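Residue strings, one per chain:
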Amino acid sequence: MVTNMPQSDRMSFSEAERRGVYRAIFERRDIRAQFLPKPIPDHVLGRLLDAAHHAPSVGFMQPWDFIVIRSNTIRKSVHDCFLEANRQAAEIYTGERRALYESLKLEGILASPVNLCITCDRSREKGAGVGRQSDPDTVLYSTVCAIQNLWLAARAESLGVGWVSILDPRPIARLARDTRGIGARRLSVRRLCFGISGRTGVGIGRLESRESLTRLIHFDRWDQRDEQRAAELFELLPANGAQK
């Protein structure tokens, strides 16, 4: 890293660097299928965790911990939890949507070379409580920022990441506590599976489509929309811009 350049230059990104950041954002996908058995090198895993650890957190509380899981026994227990939660989730759909839901590959717990359990410690004292008094949920928001950092870094490393959300958090928290000594105060647990994948996404787009951004923009107050005015914000974006 070059450190002897002027501060203004260090704050600027080149055009290629900007394109790289936006490419990672726009190409990030939720990957659950076609994970390859190739292991993730430790130095790459280290870079991903370091990126996550450099996420913003309210009051600099850094409420996260990371459990790297390669044990097949632990992953099998988590997979059993997924199967039960997925069975219950499928019951809300009927007909063609039920068939479509059941055709989706919604987890890669066993197929991916690495699972990552990210915990959120609601009682962590680091940060002296700054910013938390009026909104305690900022501890969760901060942890999600770490997940997003890791996700984008993984895309830059050409790795696929899947967020396994179809899990009952109660047995998962008990499993994490039993298998890795998580204290009872760490109540929130999120799981990711990641590795090298030959697929671009989970296919959830067959159930939903991306909402038009121009309909989601309000000016000055809630429900004061102006789609034409909003569209002007994106006139100079390429045809595949984020608002599509």
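What counts and what doesn't
- Residues numbered from 1 in each chain as written.
- Predicted model: local features only at pLDDT ≥ 70, side-chain atom pairs only at ≥ 80, totals over all residues.
- Heavy atoms only, no water.
- Patch = residues over 30% accessible without salt bridge, like charges linked within 9 Å, V, L, I, M, F, W, Y side chains within 5 Å.
- Areas by Shrake-Rupley, 256 points an atom, 1.4 Å probe, with all protein chains shown as cover.
- Salt bridge = Lys/Arg side-chain N within 4 Å of Asp/Glu carboxyl O.
- Helix = DSSP H or I, 4+ residues; strand = E, 2+ residues; numbered from the N terminus.
- Buried < 20%, exposed > 50% of the residue type's maximum accessible area, 1.4 Å probe, protein only.
- Polar contact = N/O pair within 3.5 Å; in protein donor to acceptor, adjacent residues only side chain to side chain.
- Phe/Tyr/Trp six-rings, centres within 6.5 Å; stacked < 30°, edge-to-face > 60°.
- Pairing = 2+ DSSP bridges.
- Core = buried A, V, L, I, M, F, W, Y, C linked by side-chain atoms within 4.5 Å.
- Contact = heavy atoms within 4.5 Å.
- Axes fitted to C-alpha atoms, helices over the stretch in contact; angles between N-to-C directions.
- Parallel < 35°, antiparallel > 145°, perpendicular 65-115°, else oblique.
- Left-handed = near helix turned anticlockwise from the far one by under 90°.
- Nonpolar A, V, L, I, M, F, W, Y, C, P; charged D, E, K, R; others polar.

1. Here's the deal with a nonpolar patch on the surface
A grouping of F13, V21, Y22, I25 and F26 is seen on the molecular surface, where their side chains present a nonpolar patch of about 470 Å² in accessible area. Residue position: F13 is located in the loop between α1 (7-11) and α2 (15-27).

2. Overview of unusual backbone geometry
Phi is positive for D220, close to 75 degrees, though the residue is something other than glycine. Residue position: D220 is located in the loop between β4 (188-195) and α8 (227-231). D220 sits in the exposed class, given a relative accessible area of 73%. Here D223, not a glycine, exhibits a phi torsion of approximately 70 degrees, which is positive.

3. Description of the pattern of salt bridges
Taken as a whole, this structure holds 15 salt bridges when the rule is applied. Here E27 and R23 are joined by a salt bridge, their closest N and O atoms 3.1 Å apart. Residue E27 and its partner R23 are located together in helix α2, separated by 4 residues, close to a single helical turn.

4. Re the side chain of R124
You can see R124 is positioned in the loop between β2 (114-120) and α6 (138-156). Looking at R124, its side chain comes within polar contact range of the main-chain oxygen of Q62, at 2.6 Å. Here W64 takes part through its backbone oxygen, which lies 3.1 Å from a polar atom of the side chain of R124.

5. Topic: the packing of aromatic side chains
Evaluated as defined, the whole model comprises 3 aromatic pairs. Measuring from centroid to centroid gives 6.0 Å for Y22 and F26, while their planes differ by 35 degrees, and the two rings are tilted. Remark: F26 and Y22 occur in helix α2; sequence separation between them is 4 residues, near one turn of the helix. The class of Y22 is partly exposed, set by a relative accessible area of 49%.

6. So, the pairing of β2
Among the 7 residues of β2, 7 are classified as buried, and the element is accordingly described as predominantly covered. On β2, burial covers both faces: V114, L116, I118 and C120 on one face and N115, C117 and T119 on the other are all buried. Pairing of strand β1 (residues 64-69) with β2 involves 6 bridges; the strand directions are antiparallel. Pairing of W64 across the sheet is with C120, part of β2.

7. Here's the deal with the nonpolar core
Grouped together as the largest cluster of nonpolar side chains are 23 residues, with contacts concentrated most on V78, F82, L106, V164, I166, L167 and I172. Elements represented by at least two residues in this core include exactly β1, α4 (72-90), α7 (169-180) and β4. The greatest single-element share of this core, amounting to 6 residues, is contributed by α4. Leaving out residues up to four positions away in the same chain, V78 has contacts with I109, L167, I172, L175 and R191. Of all hydrophobic cores here, the second largest spans 20 residues; its members include L48, L116, L150 and V161.

8. Some details on the packing of α4 against helix α5 (residues 95-103)
Where α4 contacts α5, the two axes come as close as 10 Å, and the packing angle between them is 160 degrees. Classified by the angle their axes make, α4 and α5 are roughly antiparallel. By crossing handedness, the relation of α4 to α5 is classed as right-handed. Residues N86, A89 and A90 of α4 touch α5, and the partners they reach there are R98, Y101 and E102. In terms of residue class, the contact of α4 with α5 is made up of 3 nonpolar, 1 polar and 2 charged.

9. Regarding the side chain of S112
Within the fold, S112 resides in the loop between α5 and β2. From its side chain, S112 meets the backbone oxygen of G108 in a polar contact 2.8 Å long. In terms of polar contacts, S112 uses its side chain to reach the backbone carbonyl oxygen of V114, at 3.4 Å. Non-local contacts of S112, meaning those with residues more than four positions away in its chain, are made with F35, R75, C193 and F194.

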